[in-house]
Amino acid sequence: MNILHHQEDGIAGETANKLSFVMKCGGSTLAALPDSFFEDLKQLQASGIQPVIVHGGGPAISENLEKLGIETEFVNGLRRTTEAVLDVVEMVLAGSINKQIVRRIQQSGGKALGISGVDGSLIQACPVSNAAEVGWVGDVTHVQSDIIQGITAMGCMPVIAPVGVDGDGQRYNINADTAAGAVASHLGTDRMIVVTDVPGIMKEIEGSKQVLSVVTVQQIEDMIASGDIYGGMIPKVKAAVSCIQGEVQEVVIVNGSEPGILSRVLQGEAIGTRIVR
């Protein structure tokens, strides 16, 4: 569905405010994005499209843990999360980074409201299968999508920190890619945009690295197995694959520093990498 096309056809304002897409971005990536990116967000909001933002913040968490002298380690890409680490995760994600993003949106003239997955039990979670190794890391069991819809109905962009909670009030550190995929699936949006500092999924073709414009889930699995997709791109593409299995039809991975990137994706321009069913 071309969201902007539907908007231009003159949907009533009330309906238009309900149109939204989910955007995932790392905290360090967002901090480095130019003002023009936030101007683009503001323009989308003014046209009746409400971005729903789910953000990470790994480097800032590591930096604060180091300052506080708290040891941290990674097990298969997931941060081993003790209660002490969890305190810092929540402080950084739901506190400093979340509010930094809200401030930048509002400085551009947009309207935003920052929350964490704990607020209103927005993101409900349970321990991951290897919790004995990684501690308080969670898988998403449910997203209270009506809370997100309530925020967009007020004319604000939700900015969501990926900290989850269970029925007993236990907090969980949730991978931001995983959280964004779950939010997109529960909202029933047909497109999710992953904003990174790379132009998309790249593969060496005839001696030079080129961006793949479209890849399927099967091709991604093959490229992970062959080592063409590696490091930090693995959780991004795995989250994309897991949310494509829900309501989401496609996930687009783009470089956030490209001018007008979000509007261009929503208008259907072939940019970045589209991951399709």
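Given the structure is predicted, the values throughout are model-derived calculations rather than measurements.

Once that is clear, we can look at helix H4 (residues 35-46). For H4, built from 12 residues, the straight-helix expectation of 16 Å at 1.5 Å per residue is met to within 8% by its first-to-last C-alpha distance of 17 Å. Inspection of H4 places Phe-37, Phe-38, Asp-40, Leu-41, Leu-44 and Gln-45 among the buried residues, and these make up the whole buried set. Buried positions in H4, seen along its axis, are confined to an arc of 150 degrees and lie on one side of it. Exposed residues on H4 whose side chains face more than 90 degrees from its buried face are Asp-35 and Ala-46. Immediately downstream of H4, the backbone of Gly-48 shows phi near 100 degrees, a positive value.

Time to look at the layout of surface pockets. Volume-wise, the largest pocket comes out at about 990 Å³. Around the largest pocket, the lining comprises 38 residues; the ones closest to its centre are Gly-77, Asn-175, Ala-176, Asp-177 and Pro-235. Of all the secondary-structure elements, those providing two or more residues to the lining of the largest pocket are helix H3 (27-32), helix H5 (58-67), strand E4 (78-79), strand E7 (138-143), helix H9 (176-187), strand E11 (191-196) and helix H11 (233-244). When residues of the lining of the largest pocket are assigned to their parent elements, the largest contribution, 5 residues, is made by H11.

We now examine unusual backbone geometry. Even without being a glycine, Ser-121 presents a positive backbone phi close to 50 degrees. Inspection of the secondary structure puts Ser-121 in the loop between strand E5 (112-116) and strand E6 (123-127). Under the relative-accessibility criterion, Ser-121 is labelled partly exposed at 31%. One non-glycine residue with positive phi stands out, namely Glu-206, at about 50 degrees. For Glu-206, a relative accessible area of 81% gives the class exposed.

In globular proteins that are soluble, nonpolar side chains generally tend to be buried together. Counting residues in each nonpolar core, the largest one holds 38 residues, and the members touching the most others are Ile-201 and Ile-275. Taken together, the elements giving at least two residues each to this core come down to strand E2 (50-55), E6, helix H8 (145-153), H9, E11, helix H10 (217-226), H11 and strand E15 (250-255). For this core, the element with the highest residue contribution is H9, accounting for 6 residues. Setting aside residues no more than four positions away along its own chain, Ile-201 makes contact with Gln-210, Val-211, Leu-212, Val-215, Ile-220, Met-223, Ile-229, Met-233, Val-237, Ile-253, Thr-273 and Ile-275. Within the second largest apolar cluster, 36 residues are counted, among which are Phe-38, Leu-65, Val-88 and Val-92.

So, on to H10. Residues Val-217, Ile-220 and Met-223 constitute the buried set of H10. One side of H10 holds all its buried residues, which, seen down the axis, span an arc of 120 degrees. Looking at the residues trailing H10, positive phi occurs at Gly-227, about 90 degrees.

With respect to topology, 8 strands assemble into an open sheet ordered E5-E8-E2-E1-E11-E15-E16-E14, the strand pairing being mixed. Looking at the sheet topology across the chains shown, the edges are occupied by E5 and strand E14 (214-216). With strand direction ignored, the average angle separating the axes of adjacent strands in the sheet is 20 degrees. The pairing of E11 with E15 spans 6 bridges and is classified as parallel. Considered in E15, the bridge of Val-194 is made with Ile-253. Sitting on the sheet, H8 touches E2, E5 and strand E8 (157-161), and the angle it makes with E8 is about 140 degrees.

Summarising the element assignment, Ala-184 is placed in helix H9. The exposure class of Ala-184 is buried, given its relative accessible area of 0%. Once the C-alpha coordinates of Ala-184 and Ala-112 are considered, the two residues, 72 residues apart in sequence, prove to be 18 Å apart. Aside from chain neighbours lying at most four places away, what touches Ala-184 is Val-22, Thr-189, Met-192 and Val-248.

Definitions and cut-offs
- Residues numbered from 1 in each chain as written.
- Predicted model: local features only at pLDDT ≥ 70, side-chain atom pairs only at ≥ 80, totals over all residues.
- Heavy atoms only, no water.
- Helix = DSSP H or I, 4+ residues; strand = E, 2+ residues; numbered from the N terminus.
- Expected span 1.5 Å × (residues − 1).
- Buried < 20%, exposed > 50% of the residue type's maximum accessible area, 1.4 Å probe, protein only.
- Arc of directions from axis to C-beta.
- 1 Å grid on protein atoms, 1.4 Å probe; cavity = no way out; pocket = protein on both sides within 12 Å on 5 of 7 lines; lining within 4 Å.
- Points joined across faces, edges and corners; volume = space filled by probe spheres on them.
- Core = buried A, V, L, I, M, F, W, Y, C linked by side-chain atoms within 4.5 Å.
- Contact = heavy atoms within 4.5 Å.
- Pairing = 2+ DSSP bridges.
- Axes fitted to C-alpha atoms, helices over the stretch in contact; angles between N-to-C directions.

In short, the description is geometric, and any link to function would need to be established separately.
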